[in-house]
Amino acid sequence: MIDVLIISDIARPDADEDKLKDKHREMLDELNSAAREARWPGVKFSFYGYDKAKGVIQIQAIPGDKPGTMHLLKAAVSELRASGTIESGGVA
């Protein structure tokens, strides 16, 4: 049984906001696909990191009740910031 999914990718450090959003959407599509393969009903974001200088984006999820969306990722990033578990100035 899979307990956690982690996806990482690299965006160009000089990417504009629209390209970064597109990269996040691609990553969420991959994450949701992996969650379906793991037979999860959905995902809950448990970690988000974005190293702006290197362009590295990492999203971690555990089983949840809804597919991951940009809206849910943004909400999770706010919660992770409040709890102090976000890395490197991540913005979604």
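For the structure itself, consult the block above.
Asker: Help me get a handle on unusual backbone geometry, residues and values and all.
Answerer: Positive phi outside glycine occurs at Arg39, with the angle close to 65°. On the accessibility criterion, Arg39 (76% relative accessible area) is exposed.

Asker: Report on the nonpolar core, specifying residues and quantitative values.
Answerer: By size, the foremost hydrophobic cluster in this structure holds 21 residues, and its most contacted members are Leu31, Phe45, Tyr48, Ile57, Ile59 and Leu73. Apart from the residues lying within four places of it in its own chain, the contact partners of Leu31 are Leu5, Ile7, Phe45, Ile59 and Ala61.

Asker: So what's going on with helix α1 (residues 17–37)? Which residues, and what values?
Answerer: Between its first and last C-alpha, α1 extends 30 Å over 21 residues, near the 30 Å set by a 1.5 Å rise per residue. For α1, the full list of buried residues reads Leu20, Lys23, His24, Met27, Leu28, Leu31, Asn32 and Ala35. Taken together, the buried residues of α1 touch β1 (5–10), β2 (42–51), β3 (56–64) and α2 (70–83). Looking at where α1 begins, the residue whose side-chain oxygen comes 3.2 Å from the main-chain nitrogen of Asp18 is Asp16. Two residues or fewer past α1, Arg39 is found with a positive phi of approximately 65°.

Asker: I'd like a rundown of a nonpolar patch on the surface, residues and numbers included.
Answerer: On the surface, Val4, Ile6 and Ile62 cluster together to form a nonpolar patch covering roughly 220 Å² of accessible area. Along the chain, the position of Ile62 falls in strand β3.

Asker: Tell me about the pattern of salt bridges, residues and numbers included.
Answerer: On inspection of all chains with the given rule, the structure shows five salt bridges. Lys23 is paired through a salt bridge with Glu26; the nearest N and O atoms lie 3.7 Å apart. Remark: Glu26 and Lys23 occur in helix α1; sequence separation between them is three residues, near one turn of the helix. Overall, the relative accessible area of 41% leaves Glu26 in the partly exposed class. In the salt-bridge network here, residues are joined through shared partners; they are Asp9, Lys23 and Glu26.

Analysis parameters
- Per chain, the residues get numbers from 1 upward, laid out in the order the sequence is written.
- Totals for whole chains, interfaces and linings use all residues, but because this is a predicted model, local features are given only for residues with pLDDT of at least 70 and pairs of side-chain atoms are given and counted only at 80 or more.
- Note: side-chain values were computed over all heavy atoms of the structure, leaving out hydrogens and water.
- Buried residues are those whose accessible area, probed at 1.4 Å on protein chains only, stays under 20% of the maximum for their type, while exposed residues exceed 50% and partly exposed ones sit between those limits.
- For this analysis, a nonpolar core means a set of buried residues of the types Ala, Val, Leu, Ile, Met, Phe, Trp, Tyr and Cys, connected via side-chain atoms within 4.5 Å.
- When checking whether two residues touch, look at their non-hydrogen atoms; a contact exists if any pair is within 4.5 Å.
- Only DSSP runs of H or I covering at least 4 residues are called helices, and only runs of E covering at least 2 are called strands; the numbering of each starts at the N terminus.
- Given the number of residues in a helix, its expected span is that number minus one, multiplied by 1.5 Å.
- We define a polar contact as two N or O atoms separated by no more than 3.5 Å, with the added condition that, inside protein, one atom must be a possible hydrogen donor and the other a possible acceptor, whereas residues neighbouring each other in sequence contribute only through side-chain atom pairs.
- Nonpolar side chains (Val, Leu, Ile, Met, Phe, Trp, Tyr) are joined into patches within 5 Å and like charges within 9 Å, using only residues with over 30% relative accessible area and no salt bridge.
- Only the protein chains shown count as cover for residues, and the accessible areas themselves come from Shrake-Rupley with a 1.4 Å probe.
- Put simply, a salt bridge is a Lys or Arg side-chain nitrogen that is within 4 Å of an Asp or Glu carboxyl oxygen.

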